[in-house]
Amino acid sequence: MGRFDDFVPTISDSEDDIPDYDIDEESASESELKPVKSDKKNKKKKKNSKNTKVQEDDDEAKDEDLNHDFVFDLDGEEVVSTFEGWDFKGDEQKENGKKDVDLDGIIRRKGGLGQLAGSKQDDSEEEEEDEEEEDEQEEEAEEEEQQDDDDLALDGFGMGVEKKQDNEDDDQESENESEDEDESEPEPKVQELKDDGAESSPEDEEDSPEDMAKFYAPTEEADQAKKQIHKTFQSLDLSRPILKGLSTLGYQTPSPIQSATIPIALLGKDIIAGAVTGSGKTAAYMIPVIERLLYKPAKLASTRVIVLTPTRELAIQVNDVGKKIGKFVNGLSFGLAVGGLNLRQQEQELKQRPDIVIATPGRIIDHLRNSPSFNVDGVEILIVDEADRMLEEGFQKELTEILDILPTKRQTLLFSATMNSKIKSLIQLSLKKPVRIMIDPPKQAATGLVQEFVRIRKRDHLKPSILFNILKKFTKDQRIVIFVARKEQAHKLRIILGLLGLKVSELHGSLTQEQRLQSINNFKTLTVPILICTDLASRGLDIPKIEVVLNFDMPKNFEVYLHRVGRTARGGREGKSISFVGESSMDRSIVKDAIKSSQNMNSKVNKTVGREVNWKEVEEINKIIESKNEILEEILVEEKTEKEMIQAEMELRKGENLLRYKEEIQSRPRRTWFEKESEKGVDKNIKLSKEKPKLNAKKRKQQEARDELSGERSYKKTKNDRMSDQKRQNKKSNKKGKKK
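Residues numbered from 1 in each chain as written. Predicted model: local features only at pLDDT ≥ 70, side-chain atom pairs only at ≥ 80, totals over all residues. Heavy atoms only, no water.

Looking at an unreviewed UniProt entry, the chain carries the name ATP-dependent RNA helicase DRS1, with the source organism given as Wickerhamomyces ciferrii. Under the Function (unreviewed entry) heading, UniProt states for the chain: "ATP-binding RNA helicase involved in ribosome assembly." (UniProt positions renumbered as here; feature names shortened; annotations may be inferred.)

**Q** Which parts of the structure should I look at to understand the nonpolar core?
**A** Soluble globular proteins: nonpolar side chains tend toward being buried together. Counting residues in each nonpolar core, the largest one holds 64 residues, and the members touching the most others are Leu238, Ile287, Ile290, Ile325 and Ile356. Looking at this core element by element, the count peaks at eight residues for helix α11 (residues 281-295). When residues of this core are sorted by domain, at least three fall in each of domain 1 (209-438) and domain 2 (449-630). With residues near it in sequence (within four places) discarded, Leu238 still touches Phe233, Leu243, Leu246, Ile262, Leu266, Ile287 and Glu291. (Core = buried A, V, L, I, M, F, W, Y, C linked by side-chain atoms within 4.5 Å. Buried < 20%, exposed > 50% of the residue type's maximum accessible area, 1.4 Å probe, protein only. Helix = DSSP H or I, 4+ residues; strand = E, 2+ residues; numbered from the N terminus. Domains from an automatic or database assignment. Contact = heavy atoms within 4.5 Å.)

**Q** Mind showing me how you'd approach the pattern of salt bridges here?
**A** Any two side chains of opposite charge can pair, so long as their charged atoms come close to each other. Going through the model one piece at a time under the given rule, you end up with 24 salt bridges. Where Glu313 meets Arg516, a salt bridge forms, and the shortest distance between an N and an O atom there is 2.8 Å. With Glu313 in helix α12 (residues 312-325) and Arg516 in helix α20 (residues 513-524), the pair connects residues that are 203 residues apart, well separated along the chain. On the basis of relative accessible area, Arg516 is assigned to the buried category, the value being 5%. Across the salt bridge formed by Lys324 and Asp320, the nearest N and O atoms sit 3.3 Å from each other. Taken together, the positions of Lys324 and Asp320, both in helix α12 and four residues apart, correspond to about one turn of that helix. The buried category is assigned to Asp320, whose relative accessible area is 10%. Through salt bridges with shared partners, one network takes in Arg109, Lys110, Glu634, Glu638 and Glu642. (Salt bridge = Lys/Arg side-chain N within 4 Å of Asp/Glu carboxyl O.)

**Q** Where do I start with the UniProt feature "short sequence motif: Q motif" (unreviewed entry) in the chain in this structure?
**A** The UniProt record annotates "short sequence motif: Q motif" (unreviewed entry) at residues 231-259. For residues 231-259, the helix share is 45%, the strand share is 0%, and the end-to-end C-alpha distance is 9 Å.

**Q** What is the right way to look at the sheet that holds strand β7 (residues 411-416) in this model?
**A** Backbone hydrogen bonds hold the strands of a sheet together, and the pairing may be parallel or antiparallel. Across the sheet, which stays open at both edges, the seven strands sit in the order β4-β5-β3-β6-β7-β2-β8 with parallel pairing between neighbours. Sheet topology places β4 (334-337) and β8 (435-438) at the edges, where each strand pairs with a single neighbour. In this sheet, neighbouring strand axes are inclined to one another by 15° on average, regardless of whether the strands run parallel or antiparallel. Where strand β2 (residues 271-274) lies against β7, four bridges are found, and the strand directions are parallel. Across the sheet, the residue bridging to Gly274 is Ser416, located in β7. (Pairing = 2+ DSSP bridges. Axes fitted to C-alpha atoms, helices over the stretch in contact; angles between N-to-C directions.)

**Q** Would you take a moment to explain unusual backbone geometry for this structure?
**A** Peptide bonds are mostly trans, and most non-glycine residues show a negative phi. With phi around 60°, Asp237 is a residue other than glycine that occupies positive phi space. Along the chain, Asp237 turns up in the loop between α8 (219-227) and α9 (240-248). Accessibility expressed as a relative area gives 64% for Asp237, which makes it exposed. In this structure, Ala569 takes a positive phi of about 55° despite not being glycine.

**Q** I keep staring at a nonpolar patch on the surface and nothing clicks. Help me out?
**A** On the surface, a nonpolar cluster with roughly 250 Å² of combined accessible area is contributed by Leu658, Tyr661 and Ile665. Structurally, Leu658 can be placed in helix α24 (residues 629-660). (Patch = residues over 30% accessible without salt bridge, like charges linked within 9 Å, V, L, I, M, F, W, Y side chains within 5 Å. Areas by Shrake-Rupley, 256 points an atom, 1.4 Å probe, with all protein chains shown as cover.)

**Q** Would you explain the packing of aromatic side chains in this entry?
**A** What characterises a pair of aromatic rings is the spacing of the ring centres plus the angle enclosed by the ring planes. Considering all chains together, one arrives at five aromatic pairs under this definition. With centroids separated by 5.3 Å and ring planes inclined at 55°, the aromatic side chains of Tyr285 and Phe415 adopt a geometry described as tilted. Residue Tyr285 is located in helix α11, and its partner Phe415 is located in strand β7; the two are separated by 130 residues in the primary sequence. By relative accessible area, which is 0% here, Tyr285 ends up buried. With relative accessibility at 1%, the residue Phe415 sits in the buried group. Ring centres of Phe453 and Tyr561 lie 6.5 Å apart, and the angle between their planes is 20°; this geometry places the pair in the stacked category. Of this pair, Phe453 sits in strand β9 (residues 449-455) while Tyr561 sits in helix α21 (residues 558-565), placing them 108 residues apart in sequence. Accessibility classification places Phe453 together with Tyr561 in one group, the buried group. Among the aromatic residues, those joined into a ring-pair cluster are Phe453, Phe558 and Tyr561. The ring of Tyr216 has Arg436 lying over it, and the distance from NZ or CZ to the ring centre is 5.7 Å. Note that Lys463 overlies the ring of Phe552, its terminal NZ or CZ placed 4.7 Å from the centroid. (Phe/Tyr/Trp six-rings, centres within 6.5 Å; stacked < 30°, edge-to-face > 60°. Lys NZ or Arg CZ within 6 Å of the ring centre and 35° of its normal.)

**Q** How should I be thinking about the confidence of the model for the chain in this particular structure?
**A** Segments scoring low in pLDDT should not have their predicted coordinates read at a detailed level. In the predicted model, the chain carries a mean pLDDT of 77, and the fraction of residues at 70 or more is 68%. Of the regions scoring below 50 in pLDDT, residues 710-716 engages in seven contacts with residues more than four places distant in sequence or in other chains. (pLDDT = per-residue confidence, 0-100.)

**Q** Mind showing me how you'd approach the side chain of Gln258 here?
**A** Structurally, Gln258 can be placed in helix α10 (residues 256-266). For Gln258, the residues in contact, after removing those within four places along its chain, are Phe233, Pro263, Ser279, Gly280, Ala283 and Ala284.

**Q** How should I be thinking about α20 in this particular structure?
**A** Given 3.6 residues to a turn, an α-helix orients residues that are three or four positions apart in the same direction. Here α20 spans 16 Å end to end across twelve residues, near enough to the 16 Å set by a 1.5 Å rise per residue. Each element contacted by the buried residues of α20 is listed here: α12, β10 (479-483), β11 (504-507), β12 (530-533) and β13 (546-551). Leu526 occupies a position one or two residues after α20 and carries a positive phi of about 65°. (Expected span 1.5 Å × (residues − 1).)

**Q** When you look at the pairing of β13 in this model, what are you seeing that I'm missing?
**A** Along any regular strand the residues' side chains alternate between the sheet's two faces. Of all six residues in β13, five are buried; the element is thus mostly enclosed. Bridge count for β10 against β13 is five bridges, and the pairing is parallel. Residue pairing for β13: Arg479 is matched across the bridge by Ile546. Of the strand pairs in this sheet, β13 and strand β14 (residues 575-581) are connected by four bridges, and their pairing is parallel. Residue Asn551 lies in a different strand from β14, and its bridge partner there is Ser579. The handedness of the β13 to β14 crossover, carried by α21, is right-handed. (Right-handed = clockwise from strand over helix to strand, strands pointing away.)

**Q** Please clarify how the environment of Trp86 should be interpreted in this entry.
**A** Summarising the element assignment, Trp86 is placed in the loop between α2 (50-66) and α3 (103-109). Assessed through its relative accessible area of 4%, Trp86 is described here as buried. Setting aside residues up to four positions removed in sequence, Trp86 forms contacts with Leu249, Tyr251, Gln317, Asp320, Val321, Lys324, Lys524 and Asp542.

**Q** What is the right way to look at the packing of α11 against α12 in this model?
**A** Between α11 and α12, the least distance of the axes is 10 Å, while the angle of their chain directions is 50°. By the angle between their directions, the pair α11 and α12 is classed as oblique. Of the two elements, α11 crosses α12, and the hand of that crossing is right-handed. Mapping the contact onto sequence places Thr282, Ala283, Tyr285, Met286, Ile287 and Ile290 in α11 and Val318, Val321, Gly322 and Ile325 in α12. (Parallel < 35°, antiparallel > 145°, perpendicular 65-115°, else oblique. Left-handed = near helix turned anticlockwise from the far one by under 90°.)

**Q** Would you mind going over the packing of helix α14 (residues 361-370) against helix α16 (residues 396-405) with me for this structure?
**A** What describes two packed helices is the angle between their axes and the distance between those same axes. At a minimum axis separation of 9 Å, α14 and α16 run at an interaxial angle of 45°. As judged from the angle between their axes, α14 and α16 are oblique. Helix-helix and strand crossings are classified by hand; for α14 and α16 the assignment is left-handed. Contacts between α14 and α16 involve Pro361, Ile364, Ile365, Leu368 and Arg369 from the first element and Glu398, Glu401, Ile402 and Ile405 from the second.

Given below as structure tokens:
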């Protein structure tokens, strides 16, 4: 072999993964056994001398064949590292699938989805007539803005940070004045706001060091794991098929959460991990899981890993992540068990007992109860993604049911961006000395995020106009996610923006699963660059190159805010979030937490700025929206009518199938449900009536004072009131004594 004695080909341990070198072994001699090079390189070698030829061959053998960076050569082609994102594929649709209402078609018929509203220029005569009025309005607006800025500084909304102006026509003098005013803000006001924002409550109480020492593994283990820096995945001692799968995705360097968790997870230890959004948490648990399955093959087919996620879309994404990482692992199988997709098709997949099952809680319980061939007796690893959400009350019963069925001897991995590591909520998971790995400080936004805040004050009716005014400044190549509080608002906003000329998709719980996946795929391919959604899409979804996240409605707390804005600035990229902030204390507290988090990061890229709005343009847009209110109602009525017709056709086909396949349908065993929708509603109402919210000392005193009031009074009892109540009670007791 000569100079190839020290040559180690970078191939998989599996014979099926050996590269094709295009060599006729019968006719080739031992000295000719070498990888085939391209024609251009062969011509160059013929021109060079023997010495240079040997030297070039040695260099190429080291640089290409050994390839210390371990970039695989697939089918003689270079690996494409331009990753276009995960696939969101549901069931295979039949030709005669379900019909959906063509809402965009209805909007077009009503004159929408055309030219952007307000883009047409007015006649020159009208412009000349309006010039004087515009100047007066601008002067008034400037005075109002100056007053607003003073109020803004006093209540600490901006906390002395820079302000970004949307109006490109503003004078530089006014910008310099505003910057000087911001810089001259005294520090005591900022300090006072920090004190106001740091109100303590019983919920913020942390576990004692003694309890944490008993529950968690020694902190030295986690500290040592975080100190280890891996520049490549090769240093993690992963198998060749997994490294090959990672290389096809363009993954070269492990993220901090991956470097810390993968070695510990490979040891079979329980982990509680937290890191900012977009830091690669899915791969952090999927890589060691596949590695463990590879080196511990099962003699019989059995499901050995369960991954639980709170939403269907996240489960579909995790399924795609696992398949692409384990693409070159022979015999590795995945199963998907989520609501909204074909139940019988999932049953057939689970009947094969796939190695890894990714599921939502409700659907996996359904399969455990009603799919005889599916069981979890052989489960060795349980992964809970977005664990803090899964530990909340909404999933409490389902999670308890699943944990009761799963084997107690298992490895448990918990991952989330806002991981709640309180021992009380973790006891039910039967963790065994879990290693607690928190890469970034808790409750922190990703690096590279610019957070902008628009103060709405008492102009909530102008929010759709402000939204359109901001959206029209972006290009069609930029992906924008808009978060709203309610699905009805998301649907209405889609129609309003459509009438104003913007094509928008929506994503919320009222849509079918096919519609939800279609909205995500259209958004991913930039067919529709704007997606309006509820918090359904706030967790885990990784769609590359989302430039802007816009909070039309502020979330309930800062944790949800972090998950929302975490849809952008992912994987080291930069992003922007814009939030409409009202006058409520909840909105203000989120802004203060965001500013504090940004200040603690000490990063030049991370900024929190107040965004100014051209209220004159907003008022003009609002007039256009109000003029289209009748058209909006017509679209809603027409859409409802079409939905009812489609529903009637579906019921008709259902009745025909019941008559045609009556015997077959009746012979099927009845499905049992863990909890019906009606039962969920009853339990929720009972719980709300029984439970009392946790209050701090000040609010508790106020509540006690309210409890002392009678049903008729709306004021606190005076001394005379208490005396009259005492006399009334004495009279009642005397009457009872006389009767006896």
